[in-house]
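Observations on chain architecture
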Amino acid sequence: MKQILLGITGGIAAYKSAELIRLLRKDNYEVRVVMTQSALQFMTKLTLQALSGNPVHSELLDAGQENSMGHINLARWADSLLIAPASAHCIAKLSYGLADDLLSTLYLAAECPVYLAPAMNQSMWHKAITQTNIDRLKQQGVHIIGPESGSQACGEYGLGRMSEPEAIANYLNAQHTPTPLKHKKILITAGPTREALDPVRYITNRSSGKMGYALATQAKLMGAEVILVSGPTQLPIPHGVHLVAVESAADMHTAVMQHIQGQDIMIAAAAVADYTPTSIATEKIKKEGTHTELSLRKTKDIVADVANLNNKPFTVGFAAETHNLQHYAQDKLARKKLDMIAANWVGQAEGGFDSAVNALQVYWPNGSQSLPLTDKTQLAKQLLILIAEIYHAKNTA
Ligand code: PMT
């Protein structure tokens with residue numbers, strides 16, 4: 001487990017630290033919080049103690065500590081120090097090495113990487129002295145996250161808003177994530193497709209897009225340039241990923257073929273319709289008789305068409321099976337000329353479609369590996385590490 005010290009200074013963005021702690025804990029960090037006296041005006045210790053699961057510190061000299069050296073112990077405990085929000089005052093103090101409270105003393109004592117997420121009024125951010133202070137901190141190796149542009153609590157608009165907690169957590173994760181996909185271009189398909197029957201009805205499936213979006217997020221964190229071609233989902237666009245939104249299998253085929261040139265790796269996690277209506281009624285189909293029939297024709301196989309290209313990328317398919325998983329997956333691997341296939345059981349109590357967790361059985365021409373049931377974020381990481389390994393082995397052979 002990674003150990004992070006979160007420093008909170010006084011500013012309206014302090015309320016975002018509650019969500020930040022939640023995200024960091026979800027990402028497997030143990031979080032200890034240090035608040036300045038002005039931060040205490042915005043958030044209570046009790047709230048952050050409950051969220052972090054640890055006592056919150058704000059006093060430099062802690063009579064409860066045997067040798068009153070709590071700040072040194074805290075600084076040594078941390079793998080990283082994050083200050084979010086970092087006010088203009090705090091930034092100025094740190095850049096001049098002033099140490100008159102617990103947080104600034106911790107900064108001086110810290111030997112771990114330090115990250116600051118500034119938050120202030122846009123004029124304060126643009127002031128030459130603030131920019132000089134930021135430059136001095138950068139020169140000392142401090143990482144600056146943000147700030148972002150947008151409307152501010154004071155009613156003004158401009159650069160100075162603290163980055164969103166998700167962006168801060170992603171930035172930190174990227175520092176701790178291996179980057180075996182650095183500079184690689186990866187196209188990922190995700191989600192379901194919708195095959196229209198008439199202006200109001202369509203055929204679809206239970207894919208939520210979670211598996212494909214987790215792959216896109218993790219591939220980006222591992223250093224890849226990511227294009228995500230996605231059917232309709234309710235999920236937010238992963239940070240730094242280029243999203244191409246599509247609806248039908250035919251749209252997805254067109255979008256993939258438009259973007260595939262120059263890609264190093266393609267991962268087909270989408271649940272693409274195998275059949276689509278032969279025609280789309282221009283008006284709503286009326287209810288007549290006790291039975292009706294639909295005429296369907298086969299869709300183009302996107303991943304197979306990619307694997308058939310002359311200059312094909314390393315092509316990874318998925319296989320969703322309710323029975324004979326190994327047999328059908330290995331058949332798809334060979335028939336579609338894939339480099340690798342990740343097979344999952346679907347229609348079970350846990351895993352597969354629209355679940356937060358999944359398990360995969362991965363096959364490639366001369367090997368296989370089981371990735372046991374875990375949340376889709378972890379599973380995506382494990383699958384990408386495996387893909388990177390086999391991809392690099394193939395390309396250095
Ligand atoms: O989205 P979630 O809710 O997180 O669920 C994840 C998932 C179960 C959808 C995912 O893990 C998964 O298994 N995706 C593939 C689903 C599927 O369509 O499998 P298939 O066995 O029918 O297809 C085999 C492969 O061919 C897949 O890579 C599929 O993307 C691809 N295919 C299929 C048909 C088609 N016309 N074009 C394709 O590219």
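Let me begin by describing the structure that accompanies this report. (Residues numbered from 1 in each chain as written. Predicted model: local features only at pLDDT ≥ 70, side-chain atom pairs only at ≥ 80, totals over all residues. Heavy atoms only, no water.)

A short note on the environment of Ser123
Tracing the backbone shows Ser123 in helix α6 (residues 122-126). On the basis of relative accessibility, which here comes to 36%, the residue Ser123 falls in the partly exposed class. Between the C-alpha atom of Ser123 and that of Glu247, which follows or precedes it by 124 residues, the distance is 44 Å. (Helix = DSSP H or I, 4+ residues; strand = E, 2+ residues; numbered from the N terminus. Buried < 20%, exposed > 50% of the residue type's maximum accessible area, 1.4 Å probe, protein only.)

Let's talk about the layout of surface pockets
Size it by volume and the second largest pocket reaches roughly 880 Å³. Around the second largest pocket, the lining comprises 31 residues; the ones closest to its centre are Lys26, Glu166, Thr217, Gln218 and Thr377. For the lining of the second largest pocket, the leading source of residues is helix α9 (residues 210-221), giving six residues. Residues belonging to the lining of the second largest pocket are distributed by class as follows: 11 nonpolar, 10 polar and 10 charged. (1 Å grid on protein atoms, 1.4 Å probe; cavity = no way out; pocket = protein on both sides within 12 Å on 5 of 7 lines; lining within 4 Å. Points joined across faces, edges and corners; volume = space filled by probe spheres on them. Nonpolar A, V, L, I, M, F, W, Y, C, P; charged D, E, K, R; others polar.)

Digging into the site of the ligand
Close to the ligand lie 29 residues, the nearest being Ser207, Ser208, Lys332, Asn344 and Asp354. One nitrogen or oxygen atom from the main chain of Ala268 is found 2.7 Å from an oxygen atom belonging to the ligand. Here a nitrogen atom of the ligand sits 3.0 Å away from a polar atom, N or O, in the main chain of Lys300. Bound to the protein, the ligand loses 95% of the 770 Å² it would expose on its own. Those elements that place two or more of their residues in the shell around the ligand are α9, α11 (302-307) and β16 (314-321). Per-element tally for the shell around the ligand: the top contributor is β16, with four residues. Per-class residue counts for the shell around the ligand are 13 nonpolar, eight polar and eight charged. (Near = heavy atom within 4 Å. Polar contact = N/O pair within 3.5 Å; in protein donor to acceptor, adjacent residues only side chain to side chain. Areas by Shrake-Rupley, 256 points an atom, 1.4 Å probe, with all protein chains shown as cover.)

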